[in-house]
Amino acid sequence: MLEKFLEKYPGEIKELVLGSEGKKIVVSGQNTLPFHSFEGKTGQLKFALEVSDSEPNDWAPWLQEFYADVKSSPEAWAKKSAEVFGADLIFLSLNSMEKDVPAAEIAAGVKRVAEAVNVPVVVFGLGEKEKDAAVLPVVAEVCSGLNLLIGPVLKENHQEIATVALEHGHAIIAQIPMDINLAKDLNIRLGKYFPLDRVVIDPLTCAAGYGLDYAYSTMERIRLSAVVHDDKTLQSPLIARVGKEAWKTKEAIQDAGKGIVWEAATAFSLLLAGADIVTLRHPESLQRVKAMVS
Amino acid sequence: MPVKASDIQKILPENGKKNCKECGLATCFAFAMKLANAGITLDKCTYLSAEARAQLEDMLQAPIRLVSIGQGARQVVIGEEEVMFRHQKTFFRAPGMALQIADGEKEESWSAKIAKIGWQYERLNKISRFDLVALSHTSADSGKYLQLVQKVMAETDAGLILLAAEPELLLAAYEASKSRNPLVCVTAANFAQVASHLPKSAAVCACADGLEALADLSGKLKEAGFENLVLDPSSASLAGLMRDQTVIHRAALLHKFRPFGFPTMFLAARVTSDTEQQMLLAAAGVAKYAGIIVLDDISPENFQALLTLRQDIYTDPRVPPTVESKVYGLNEADESATVLVTTNFALTYYAVAGEAENSKLPVYLLCQDTGGLCVLAAWSTGTFGPETIAEMVKKQALADKVTYKQLVLPGYVARIKGDLEEELPDWEILVGPREAGDLPKFLSELKKRRESAA
């Protein structure tokens, strides 16, 4: 009797495989809305822990203490995050770009991290169009064949980064500021030369209490367009970079326990909205959310 | 989905062309328009057949009925939602949050939870809290359950949710708390005995295992004359919660399936006893249509995070959130304070005020009225420019409040520095960081510069 209330959707987000041989994982792959396993196939959700390629001076003091034993070595930090804390992915922030370290040196560092860990790596620049366009293609080339997820790729620099990423077998993150139409616009540009099922959309994220409602609805709308309205230009997985936003809130700076709760609550809400990958900074929140969704 | 006036008109006498004017309106179509907007009642038309009347009553009924639980300031009103996704309009009525107390728990635990009903949390000028207490009967002693009801009645003004299987006990608890307009939870097993003794105006929650059984019980309650219903499908997992809430909401809104045309309740304890996991389940309930969410317990951290999330999801996306346009003194601002200027978009304000507080340095934060637009959008529409900023600086007499006539602009509008210098010749205009997160560093460096200059 209740069958008549179930829906089938025309759109589909394909599976995205990341990582080199022996370290592969599958992200997303769904033909229904988030957590709608009662009416279709839901996608695979993946949890990344963030690692900085240089000592992160702007992280909350609790996190600095928590990672005190590894924070000066990106390889050791990444290894611990994957092997001890159970991260599905390492999200490597290239903070060394702020100090204008030469691109070749940064890229060599990325390669060392990617080879040290048994999980795939996401490599993330500063979001500054010139600096990213100078460094990320070098990373793509040096790490050729490692099947990284590289970003952010912006409207202003997509050709410089995406063409090199494609040539060397990487997937990319297309970043736009919280607007479904801008997401569509950038994906249409990328779609002319880059397979959209190898693009992950980053529509930017806000923490609970700091604009989460915008991030939530933007993600939800992108996913509805892709699945319900079969908009081919938006059929890409979504990433929510939660850790950075959660740990800069007043609440997280006051109290480490509140930071964990804020990070977990924000991440879980965005998974409900449609995120396929969430990036976090604390393993405790990762474990809480992972236990909830698995 | 609002009802169309033209669809109503067709059912009115003579296909809505009688136009007798006896209802006080010029035409049947005008009457239909008023009906669609709930501006007039059906009894104003004296020519309706019983059949047409029933049909119209059904059409005009909200797809999800409005239900209230509790009394006074703690009254929780839920239902009458209109959309599946918040961006389609807005979610109107935030779910009522409940703490569950079992009579089998120790009395210290009763008291600790009752104390939490007094907790409140303010954000964006709104106070939120848990307004409901769910009372479950796990002891073997009926007297104990009634004692718990009495205690909660005496020590709180919260609304009550009565969860006890035995019909007599449930009715006794209802008698003891009826002045509070409690929600009485009924199952297929006790329905017959409870329903005949409850007044039809009581708020009743149909608790059933699964959606089919729920539709059945809801139908029976409706038939027995109860209107103020809440639905509890007894979801036992996250997947179950998503399925049950989505199907009920969709059936009510998109299919007008009447047995599901009521707000819902979700008891997190049916999934897990782990209170951290219960908090995340509650977050799913908030995002996905639950009308009442019942938790076993809550920590101070989870209390704040959950109520913040609830406020986020239930923010009206059609209205930008704003704070009052004025000068905010932070960190005990005095004449040594630095003057920062930004917009009255609430999210900008909270980011900037939060980081300014983190700096521990005195700050006057001037929030320009931009109608809730952020810095760049306000600049591009002219509500945040050199003239408007200068006008507010003068009106607030900031020059008399601070020693250092230095005004810090958001980094995103560095381009207006020159024009603002012309408007405010007595002030030095500084360009601040683009991101609020860089403010503490900026402010401490500014302080050092001032000290070395002095």
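Scope of this entry: the structure provided in the associated data block. What you see is a predicted model, and the numbers here were worked out from it, not measured in a lab. (Residues numbered from 1 in each chain as written. Chains lettered and ligands numbered in written order. Predicted model: local features only at pLDDT ≥ 70, side-chain atom pairs only at ≥ 80, totals over all residues.)

Brief notes about the pairing of strand 7 (residues 171–175) of chain A
Residues and elements named next belong to chain A. Using the following cut-off: A residue is called partly exposed when the number of other C-beta atoms within 10 Å of its own lies between 12 and 20, exposed at 12 or fewer, and buried at 20 or more, with C-beta atoms placed from the backbone. Numbering of helices and strands starts at the N terminus; helices are DSSP runs of H or I of at least 4 residues and strands are runs of E of at least 2. Note: two strands are recorded as paired if DSSP finds a minimum of 2 bridges between them. Classification remark: right-handed applies to a crossover when, strands pointing away from the viewer, the course from the first strand over the helix to the second runs clockwise.
Of all five residues in strand 7, five are buried; the element is thus mostly enclosed. Of the two faces of strand 7, the one lined by Ala 171, Ile 173 and Gln 175 and the one lined by Ile 172 and Ala 174 are each fully buried. Bridging between strand 6 (residues 149–153) and strand 7 involves three bridges; their strand directions are parallel. Paired with Leu 149 across the strands is Ala 171, a residue of strand 7. By the bridge criterion, four bridges tie strand 7 to strand 8 (residues 199–202) in an arrangement that is parallel. Note that in strand 8 the partner of Gln 175 across the bridge is Asp 202. Regarding topology, helix 6 (residues 180–191) serves as the crossover connection from strand 7 to the parallel strand 8, and that connection is right-handed.

Digging into the nonpolar core
Side chains of a nonpolar character, in soluble globular proteins, are inclined to be buried together. Heads up, the condition is: A set of buried Ala, Val, Leu, Ile, Met, Phe, Trp, Tyr and Cys residues, joined to one another through C-beta atoms within 7 Å, is what we call a nonpolar core. Domain ranges listed in this record stem from an automatic or a database domain assignment. It is the C-beta atoms, placed from the backbone, that decide contacts: two residues are in contact if theirs lie within 7 Å.
In terms of nonpolar packing, the biggest core is built from 225 residues, with Ile 90 of chain A together with Leu 162 of chain B touching the most fellow members. The two domains that each donate at least three residues to this core are domain 2 (67–313) and domain 3 (327–453) of chain B. With residues near it in sequence (within four places) discarded, Leu 162 of chain B still touches Leu 135, Leu 170, Ala 173, Tyr 174, Pro 182, Leu 183, Val 184 and Cys 185 of chain B. One finds Ile 8, Cys 23, Phe 31 and Ala 32 of chain B within the second-largest nonpolar core, a separate group that totals nine residues.

Considerations on the interface of chain A and chain B
This is how it is decided: When residue character is reported, Ala, Val, Leu, Ile, Met, Phe, Trp, Tyr, Cys and Pro are called nonpolar, Asp, Glu, Lys and Arg charged, and the others, Gly included, polar.
Each side of the interface is counted separately: chain A has 35 residues, and chain B has 37 residues. Looking at the side of chain A that touches chain B, the elements with two or more residues in it are helix 7 (212–227), helix 9 (250–254), helix 10 (256–273) and helix 11 (283–293) of chain A. Of all the elements, helix 10 of chain A adds the most residues to the side of chain A that touches chain B, at nine residues. When the residues that make up the side of chain A that touches chain B are grouped by side-chain class, the tally is 20 nonpolar, seven polar and eight charged.

What to know about the environment of Met 84 of chain B
All names here are of chain B. Along the polypeptide, Met 84 turns up in the loop between strand 2 (76–78) and strand 3 (96–102). For the pair formed by Met 84 and Leu 253, sequence separation is 169 residues and the distance between their alpha carbons is 7.9 Å. Apart from residues lying up to four places away in sequence, Met 84 is in contact with His 249, Arg 250 and Leu 253.

A look at the packing of helix 11 of chain A against helix 11 (residues 275–287) of chain B
Stated precisely, the cut-off is as follows: Helix axes use the C-alpha atoms of the stretch in contact, all axes being lines fitted to C-alpha atoms, and the angles between their N-to-C directions lie in the range 0 to 180 degrees. Throughout this description, any angle smaller than 35 degrees is read as roughly parallel, any larger than 145 degrees as roughly antiparallel, any in the 65 to 115 degree range as roughly perpendicular, and the remainder as oblique. Each helix crossing is assigned a hand: it is left-handed if the near helix lies turned anticlockwise from the far helix by less than a right angle, otherwise right-handed if that turn is clockwise.
Packing of helix 11 of chain A against helix 11 of chain B leaves a shortest axis separation of 10 Å and a crossing angle of 70 degrees. Between helix 11 of chain A and helix 11 of chain B, the angle is such that the two are roughly perpendicular. By crossing handedness, the relation of helix 11 of chain A to helix 11 of chain B is classed as right-handed. Seen from helix 11 of chain A, the contacting residues are Arg 288, Val 289, Ala 291 and Met 292 of chain A; seen from helix 11 of chain B, they are Glu 276, Gln 277 and Leu 280 of chain B. Here the contact of helix 11 of chain A with helix 11 of chain B is composed, by residue class, of four nonpolar, one polar and two charged.

A look at the sheet that holds strand 10 (residues 229–232) of chain B
Residues and elements named next belong to chain B. Strands sit in the order 10-9-8-7-6-3-12-11 across an open sheet of eight strands; the sheet is parallel. Of all the strands in the sheet, the pair left with one neighbour each is strand 10 and strand 11 (265–267). Averaged over all pairs of adjacent strands, the angle between strand axes in this sheet comes to 25 degrees, irrespective of strand direction. Judged from the five bridges that link them, strand 6 (residues 132–136) and strand 7 (residues 159–163) form a sheet pairing that is parallel. Bridging across to strand 7, Ala 134 finds its partner in Ile 161. Each of strand 8 (183–186), strand 9 (203–207) and strand 10 touches helix 9 (residues 211–223); the most contacted strand, strand 9, lies at about 150 degrees to it. Those strands touched by helix 11 are strand 11 and strand 12 (292–295), and its axis lies near 180 degrees from that of strand 12.

Don't take any of this as a statement about function, it's just geometry.
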